Amino acid sequence: MADNWGFVLAAYALAAIVLAGYWRHLVRRERELNAPVAGQPPGAPGAPPRQR
Amino acid sequence: MTRVLGWLAALALLAGLGMAFAVAPREATQGTVQRIMYVHVPSVWVAYCAFVVVFVASIAYLATRAEAADRLAHASAEVGVLFTGLTIATGSIWGKPTWGTWWTWDARLTSVAVLFVMYVGYLLLRGMIDEGERAARYAAVLGVVAALNIPLVHFSVLWWRTLHQPPSLMKPGPSSMPPVIVRALLVNFAAFALLYLYFVAKRVRLLRLEAEAGA
């Protein structure tokens, strides 16, 4: 059977893109939640909690 | 701790790539395309584990109403859906050169597709109900029911005559694969399992932050 390197690379590239994309989504969301709201000191009522 | 897990997962993934491309031999029948197995099979094993965690955490939530159990179930379901999607996509890419088709309504493929849809439904259900406690309760019931599909997926290749090959490792009796291929598979499974733990730890933390921000 032919080696079909294109299929192998496609599968690994897809896995890398999906996993890295999800990781990036988590990191970005964490940054958003940890960013202080303008005009409110971190930890103030209604302000998002700081990273522990 | 989460950061250490992340680095461990990254190193293990590199080791897994090394095992898949440098250590494991070219398979005699399928050729190089068989190397897709080192991402396809660990993905589905991790997805099984993720949904078993959803099952256990859902039972724990129904018994104790502990928010931590609900957050674990939610995070594990999300990461499980990610790995199930990856399983389906890589399986499809593997199927084209070996079976001559991207997709067929074979028992294994269909049961995995049903599993995927059930847990996407689980996540949609959570998103549709605004009231947190009710969403958690309904999701927990679905998390218990949906887990019944896991043995169906695994044994589908034994119970029905299908195009998908029967399991080579998770079956009674010795493995039909050479030890070097088994080792490469297990290293990749360990890497994916570490990545699962890292993602779930991070997602659980995010869910807690979101709950605190919304309170």
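Below is a summary of the structure that appears in this document. (Residues numbered from 1 in each chain as written. Chains lettered and ligands numbered in written order. Predicted model: local features only at pLDDT ≥ 70, side-chain atom pairs only at ≥ 80, totals over all residues.)

### A closer look at the packing of helix α4 (residues 107-128) of chain B against helix α6 (residues 149-159) of chain B
Two quantities define a packed helix pair, namely the angle between the axes and the distance from one axis to the other.
Residues and elements named next belong to chain B.
Piece 1. α6 packs onto α4 with a crossing angle of 165 degrees between their chain directions and a minimal axis gap of 8 Å. Comparing their axes, α6 and α4 come out roughly antiparallel. Read as a crossing pair, α4 and α6 show a hand that is left-handed. Counted together, Ala107, Arg108, Ser111, Val112, Val114, Leu115 and Met118 of α4 and Asn149, Leu152, Val153, Ser156 and Val157 of α6 form the full contact between these two elements.
Piece 2. Class assignment of the residues belonging to the contact of α4 with α6 gives a composition of 8 nonpolar, 3 polar and 1 charged. (Axes fitted to C-alpha atoms, helices over the stretch in contact; angles between N-to-C directions. Helix = DSSP H or I, 4+ residues; strand = E, 2+ residues; numbered from the N terminus. Parallel < 35°, antiparallel > 145°, perpendicular 65-115°, else oblique. Left-handed = near helix turned anticlockwise from the far one by under 90°. Contact = placed C-beta atoms within 7 Å. Nonpolar A, V, L, I, M, F, W, Y, C, P; charged D, E, K, R; others polar.)

### With respect to the environment of Leu115(B)
Residue and element names in this part refer to chain B.
Piece 1. As for its position among the elements, Leu115 is in helix α4.
Piece 2. Taking the C-alpha atoms as reference points, Leu115 and Arg35, separated by 80 residues in sequence, lie 25 Å from one another.
Piece 3. Residues in contact with Leu115, not counting those within four places in the same chain, are Thr84, Asn149 and Val153.

### Notes on the interface of chain B and chain A
Piece 1. In this complex, chain B contributes 25 residues to the contact, which on the side of chain A involves 21 residues.
Piece 2. Among the elements of the structure, α3 (67-99) and α7 (179-214) of chain B are those that each provide at least two residues to the side of chain B that touches chain A.
Piece 3. Per-element tally for the side of chain B that touches chain A: the top contributor is α7(B), with 9 residues.
Piece 4. Taken together, the residues of the side of chain B that touches chain A sort by class into 14 nonpolar, 5 polar and 6 charged.

### A word on α4(B)
Residues and elements named next belong to chain B.
Piece 1. In a regular helix each residue adds 1.5 Å, so 22 residues correspond to 32 Å; α4 covers 31 Å between its end C-alpha atoms and thus fits that length.
Piece 2. Of all the residues in α4, the buried ones are Arg108, Leu109, Ser111, Val112, Leu115, Met118, Tyr119, Tyr122 and Arg126.
Piece 3. Of the surrounding elements, those touching the buried residues of α4 are α2 (37-64), α3, α5 (132-146) and α6. (Expected span 1.5 Å × (residues − 1). Buried ≥ 20, exposed ≤ 12 C-beta atoms within 10 Å, placed from the backbone.)

Function cannot be inferred from these measures alone, as they are strictly geometric.
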